[in-house]
Amino acid sequence: MSRILQDRDERRPETHPLTFRLNDDGTPVMLDAYREQQGYASVERAFSDLTSKTLIDELKTANLRGRGGGGFSAGLKWSLTMQGEGIPRGYIVCNADEMEPGTFKDRLLLEQQPHLLIEGMILAGFANNAYQGYIFMRGEYVDAARTVQRALEEARAAGWLGRDVAGSGWDFDIALHTGAGRYICGEETALINSLEGKRASPRAKPPFPGQSGAWGKPTVVNNVETLCNVPSVVLHGADWYQGLSQGKSGDGGTKLYGVSGKVKRPGLWELPMGTTGNELLERAGGMRDGHTLKTWLPGGGSTGFLLPEHLELALDFDTIGKAGSRLGTGLIAVVADDQNVVSLARNLEEFFSRESCGWCTPCRDGLPWSVKLLQALEAGEGERGDIDLLESLAVDLGPGRTFCAHAPGAAMPLASAIHYFRDEFERGVTRGQGAAHADPIPVGSV
Amino acid sequence: MATIHVDDRDYEVDGADNLLHACLSLGLDIPYFCWHPAMGSVGACRQCAVKQYKNADDTQGMLVMSCMAPVQDDAYISIEDDEAKAFRANVIEWLMINHPHDCPVCEEGGHCHLQDMTVMTGHDSRRYRFRKRTHQNQDLGPFIGHEMNRCITCYRCVRFYQDYAGGGDLGAFGAHDNVYFGRFQEGTLESPFSGNLTEVCPTGVFTDQTHSEHYTRKWDLQFAPSVCHQCAVGCNISPGERYGDIRRIENRYNGEVNHHFLCDRGRFGYGYVNREDRPRVPEWRERQRVDAGPGAAGVVGGTISLEIDDALDRAADGMRNARRVIGIGSPRASLESNHMLRTLVGDTNFSTGIAARELELLVRMNELNTRCGLPSPSLREIESCDAVFVLGEDLINSAARMALAIRQAVNAKGEALAAERGIPSWNAEAVKTLAQEAHHPFFLATPDATELDALAEQTYHAAPDDIARLGFAVAHYIDPEAPCPEALDDATTALASRIAEALMVAQRPLVVSGGSLGTPAVLEAAGNVARALARRTRPGALSLVRREANSTGLSLLGGQSLDWALECLTSGEADGVVILENDLYARADAGQVDTALQRADCIVTLDHQRTATWDKADIGLPAASFAESDGTLVSLEGRAQRFYQVFEPSYIRPETRIRESWRWLNALKVSVERQVMTPLTLDEVTRDMAMTYPALAPAGDAGLSAAYRVHGLRLAREPHRYSGRTAMRANLDVSELRAPQDPDTPFAFSMEGYAGHAEPRREVAFAWAPGWNSPQAWNKFQDEVGGHLRAGDPGVRLLGPLPGDYDYTRTLPARFAARDDQWLAVPQARLFGGDETSARAEPIQARMAETRFTMSRGTAERLRMSPGVPLTFNLGERRLTLPVAISDAWPDGVIGVPDQSGLSLVAPEWGHLEPQEVRA
């Protein structure tokens, strides 16, 4: 179970729109309790006061940026969804396939506050003229699936889903789909393919899902946390939402931040967008005794390593981007001084290599090569030239060269690890550059 | 149009293309794998990266995949940019990580796109030093070899197999660097287009297993432009020969006909050319007349081999002694050979060798193709039709390649939808996503369920007469002046008006019918639909399926039916017969043929196969197959196409006396007339043929004359790296024989001669261009990649609509009524085994399904039959026993009889079941 490490006194409706309703004991907030605390009020407001266009404009002004890691403006995305004459009604897909290494924020929302997500999806359906929503959930989130399923039934029974939602004359329903366990399903178009029952390979963009998504219809894919931000924007307005970040960032709202690794109090906090790494680490109680911070990943395995001095930066998309990494999911993973960066990189690349869908060449065949080179370096069997090769692989796995963002995400920790900790890599180089050769395959192993 | 700047040069290109398509069409070289001209772009392999700049001042630029980048006017790109070049070399390096580097023992070597692209990028040494991933291979049946370790994961195989050809049993499994392309379990690939995998696969994963048996590198094969003889579609092929055997059939690009793809019968059915038991010298058979009544053997005694002159003398003697000699031609022989036979025996003594009821249909089809107002479409034109109505043809079995074209036509709905959303048609996966299950309207009326049913908006499975009635009703709903069948039920009426509506709103409606069911009414119905469309709407097309390679040609050439010929012999009106490349037993009842041949005093046959008819001949003359001869065929489209001799059989086998049939027949004529033999060339025969039959006049220009030269050179049949010429006959004679001379065509039996792509030419023996050894070399011969040959696609069209206002057929069949004690036998086309010659090839035999009588569940219940139980069926004096198959689609009261199953059936006939087997 994920836990929020702020107690109820701190979590106020006016400052913590994502978590103010959460119970301290971590039990889910179901429909009755949810309704008592402004639940579904935004849907009522949307039906009475807003049109698709005004809702989307509000969202754009609020500058809600995608919380799945991309940071793309949710309002802009919605404004690009095809609607109108001759265009079929499409789908809202919630990306709840939370599989980013070191990330556990969506899980909290799914397990403890499913109605907030449902509310956000109804608003998304209303704004994007969709008739069906899907929650594509990581298969291992068994508790979350059970809770969300219960919430969907409650919402349907209470008239928030199904035919004629809340007497509006508008139909919208949501189905839960649990994934079979591929990291690449977090990529929105691979997710759509998987949802359709196809191989989870990403699709080429353009056309974007808003033009031709699931089953060829206009489709919006948003992260859980992104959708959970929508109700408060609709209810309180863009200005209020912008103000939530308290001037710490140009971006609006709050963010579910988290810390994992060798800290005293790993966990999750809802904080203004742009909170610094130092403040976050402080909330986590600092490093465990006897450990000092060596490096950290700002938001999951597919973000670049940063140094302790970067902790003073605001944790928002633009600032972390300028520092050469990505905010990603905003859940930082700390690396202590006794941890080997080569092993860490090897571990990450093994993950990304295994999770490659196998569609494009650099990712499919380049990542496994990087893993083997890292294994060699880790074992002290590296050859001269291996590090250069890794660096050149990291370039070729970069944006634009591969089919989707999977390989660029894998390249980022690799490139930054070599950049900041080259000496650790060099320690693994024990051999000269030999002639090309392959290790003999032991008899009987094929 | 758009202007693009590539490496500082300006080019005009089609603005609707992607950069890869545009650059390849300009003749620029960009390496690629996953892109295919017929299958569009998917952006998977990342091999075609180029540098694109924002404008003329941008020096930075960024890498883009040219296959996924739309052409933009005033775009600046660089293929030669260092970063782009390095990236492309790196892509090859990654692809090679797990590739086994087994080129020396790989059958793809020498025509391998991966080899070509590797050389093109300049990648030459591996840095990967770790263990390679390996796969297990599968047994995929008699046609396709499987070696997954060579796979570079371009996904072309599954994209062709599933998306293009509609196959369901080849898929991609696994993920990351462990993607596996195969079947879910071992077994024969089910698609009748599986052979195209050998050319679609850029390396040696899927190879031609029939070629493995007698493998030769592409550069060591001798090729000629040829035309497939295994059905009437007229696909262009490049057969490759070594040591006197055909080693494999490659697709030959014809932008109007087959473009990149063939069916498996055509690709793998060549084995009959190589059969050991082929007649290679003239044979004389001693015979003693045995007047023991019908059924007794007409021929006893031995067979002796003859020299040419002796054979001609004896044949001429026999013919001179006969009172009247008739000739039986063949729809599987060339126009030239049939014409020479007709010249030999005289117009009034010539039979086409086609059964009367089939011939009647063929003649009618020619009339319909000229007198309905709708043209007969090429396959390319079929692909651009946007509504299709098929009457009575199970196309996968009767004209497989056409079925593949119709698939593309029906699926092109996706491209139309994509265009509305601004998605380019080359963005293959996006088009597929948007299209989902959307198809252009497609209606199918056949007795049995067919493989195309899944694409159809609605199917109609009924007896032939009811299929015809549906067609007549459709014509009526398009144009009320067309007659409407009486007593139509509501469902048929509704279907007919729905089809009529779909055809009328279409831009290019296509009507397909043909002779497979042997039912004139079905053809007439198709004719009425075509006429109604021609009167009411915009241009459409009428495609009529004929059965054999030259059925159309022979029906245009004219002559009597086979029934007439047999009757002439049986009645004694004629007592001599010359039979050209025709096994009469495959076309008429065996008893009838026996009687006719018994009565003849002189039987001369010419064939390249040892058939039952050959065994009855007094004189057998060994004829050349398509691989050893030249000639002209007319396809079902009405396209006259020349096929060229691939090799000279006597070069490797000096003892052979094989000659082209037209050459034999000319020699026979000279011998009969006691003239002095003068050399005759194909050009003379073709010219004479074209002058004799007005309908065939344009066919005289179907091929290149023997005098054709490029820069004064003949055209080479052999690639310039052809090896072993001085050694290949050394076991026979250490001195090298002069290469055979070819008086009939501009092609030389040699690597000497023009083989390039710079000079446009219609007839290409093998596709090769510097750096392009694989079939992808065809790019270099086309006006744009995937377009037409720069010199025009081979063939001339003979059938076109004549002006006029044509009347509807007003004789309509009554509703089919099942009978109590009789069953209507209906012929069923079949792909493997349904063709006389390819059925003699071993790989095809391995692929033939067991022949069965098909009946409906209702009929089976009435007869208390269950699947697999043997049933004996009587048609007059003919009888056949086959196991029963039950079909849910098949109409009651009708029994399906597969082609070439032993019961010669060219048209529906009422028959009886053996009394003891009627258990009802």
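Worth saying up front: this structure is predicted, and the values here are computed from it rather than measured.

A. Summary view of the overall build of chain A. Across its full length, chain A holds 16 helices and 10 strands. Relative to its length of 446 residues, chain A is compact, with a C-alpha radius of gyration of 23 Å against a globular reference of 22 Å. Along the first, second and third principal axes, the C-alpha atoms of chain A reach 75 × 50 × 40 Å. Counting over 446 residues, chain A shows a buried share of 60%. Taking as baseline every contact in chain A between residues at least 6 positions apart, the subset at least 24 positions apart corresponds to 70%. Here chain A has roughly 16,100 Å² of accessible surface; of this, 50% comes from carbon and sulfur atoms.

B. Inspection of the overall build of chain B at higher detail. Helix and strand counts for chain B come out as 26 helices and 36 strands. The C-alpha radius of gyration of chain B comes to 28 Å, within 12% of the 29 Å expected for a compact globule of 920 residues. Per-residue burial for chain B yields a buried fraction of 65% across its 920 residues. By sequence separation, contacts in chain B at least 24 residues apart represent 75% of the contacts at least 6 residues apart. Of the accessible surface of chain B, which amounts to about 31,600 Å², a share of 48% is contributed by carbon and sulfur atoms.

C. Examining the interface of chain B and chain A more closely. If you look at the interface, chain B gives 41 residues, while chain A gives 53 residues. Overall, the association of chain B and chain A removes approximately 3,900 Å² of surface from exposure, summing both partners, and the carbon and sulfur fraction of that is 55%. Inspection of the chain B/chain A interface yields three salt bridges. Taken together, chain B and chain A are joined by 19 residue pairs in polar contact (both at pLDDT 80 or more). Sorting elements by how many residues they give to the side of chain B that touches chain A places helix 2 (residues 82–95) of chain B first, with seven residues. Residues that form the side of chain B that touches chain A fall into these classes: 22 nonpolar, 10 polar and nine charged.

D. View of the side chain of Thr519 of chain B. Structurally, Thr519 of chain B can be placed in the loop between strand 21 (509–514) and helix 18 (520–536). Here Thr519 of chain B is in contact with Leu361, Pro464, Asp465 and Pro908 of chain B, once residues within four sequence places are set aside.

E. Highlighting the pattern of salt bridges. All names here are of chain B. In the structure shown here, the tally under the stated rule is 90 salt bridges over all chains. The salt bridge involving Glu836 is made with Arg332; its shortest N-O contact spans 2.8 Å. With Glu836 in the loop between strand 31 (823–828) and helix 25 (842–847) and Arg332 in the loop between strand 16 (325–328) and helix 9 (335–345), the pair connects residues that are 504 residues apart, well separated along the chain. In this structure, Glu836 and Arg332 share a single accessibility class: buried. Its salt-bridge partner being Arg535, residue Glu481 comes within 3.4 Å of it at the nearest N-O pair. Here Glu481 is found in the loop between helix 16 (464–478) and helix 17 (490–505), whereas its partner Arg535 is found in helix 18, with 54 residues between them in sequence. Accessibility expressed as a relative area gives 32% for Arg535, which makes it partly exposed.

F. How the structure looks around the nonpolar core. Of all hydrophobic cores here, the largest spans 200 residues; its most connected members are Phe425 of chain A together with Phe181, Phe206, Leu395, Met402, Ile406 and Phe442 of chain B. With eight residues, helix 16 (residues 406–426) of chain A is the single largest residue contributor to this core. The residues contacting Leu395 of chain B, other than those within four sequence positions of it, are Val390, Ala400, Met402, Ala403, Ile406, Leu452, Val512 and Val545 of chain B. Grouped together as the second largest cluster of nonpolar side chains are 96 residues, Leu344, Ala463, Ala475 and Val604 of chain B included.

G. Representation of unusual backbone geometry. Of note, the amide linkage connecting Lys205 of chain A to Pro206 of chain A takes the cis form, showing an omega dihedral of -5°. Counting through the fold element by element, Pro206 of chain A comes out in the loop between helix 8 (188–195) and strand 4 (219–223). Following Pro206 of chain A, the chain continues into Pro207 of chain A via a peptide bond in cis, with omega recorded as 0°. Within the secondary structure, Pro207 of chain A sits in the loop between helix 8 and strand 4. A positive phi angle, close to 55°, is found at Asp164 of chain A, a residue other than glycine. Following the sequence through the fold, Asp164 of chain A ends up in the loop between helix 7 (142–157) and strand 3 (173–178). Although it is not a glycine, His176 of chain B adopts a positive phi angle of roughly 35°. Tracing the chain through its elements places His176 of chain B in the loop between strand 7 (171–173) and strand 8 (180–182).

H. Focus on the domain arrangement of chain A. Residue and element names in this part refer to chain A. Entries for chain A in the domain assignment read domain 1 (31–243), domain 2 (254–336) and domain 3 (341–431). Each of domain 1 and domain 2 has a C-alpha centre, and the two are 27 Å apart. Counting residues at the interface gives 19 residues for domain 1, matched by 18 residues for domain 2. Summed over both partners, the interface of domain 1 with domain 2 buries about 1,400 Å², with 60% contributed by carbon and sulfur atoms. Counting the surface domain 1 buries against domain 2, the share from its top three residues, Arg67, Phe104 and Lys105, is 33%. Between domain 1 and domain 2 we count two salt bridges in total. Seen at the junction of domain 1 and domain 2, the total is nine residue pairs in polar contact (both at pLDDT 80 or more). Sorting the residues of the side of domain 1 that touches domain 2 by element identifies helix 5 (105–112) and helix 9 (224–236) as the ones contributing at least two each. No other element matches the three residues that helix 5 contributes to the side of domain 1 that touches domain 2. Tallied by class, residues from the side of domain 1 that touches domain 2 come to six nonpolar, eight polar and five charged.

The rules behind these values
- Residues numbered from 1 in each chain as written.
- Chains lettered and ligands numbered in written order.
- Predicted model: local features only at pLDDT ≥ 70, side-chain atom pairs only at ≥ 80, totals over all residues.
- Heavy atoms only, no water.
- Helix = DSSP H or I, 4+ residues; strand = E, 2+ residues; numbered from the N terminus.
- Rg over C-alpha atoms; globule rule 2.2 N^0.38 Å.
- Buried < 20%, exposed > 50% of the residue type's maximum accessible area, 1.4 Å probe, protein only.
- Contact = heavy atoms within 4.5 Å.
- Areas by Shrake-Rupley, 256 points an atom, 1.4 Å probe, with all protein chains shown as cover.
- Buried area = accessible area lost by both parts, 1.4 Å probe.
- Salt bridge = Lys/Arg side-chain N within 4 Å of Asp/Glu carboxyl O.
- Polar contact = N/O pair within 3.5 Å; in protein donor to acceptor, adjacent residues only side chain to side chain.
- Nonpolar A, V, L, I, M, F, W, Y, C, P; charged D, E, K, R; others polar.
- Core = buried A, V, L, I, M, F, W, Y, C linked by side-chain atoms within 4.5 Å.
- Domains from an automatic or database assignment.

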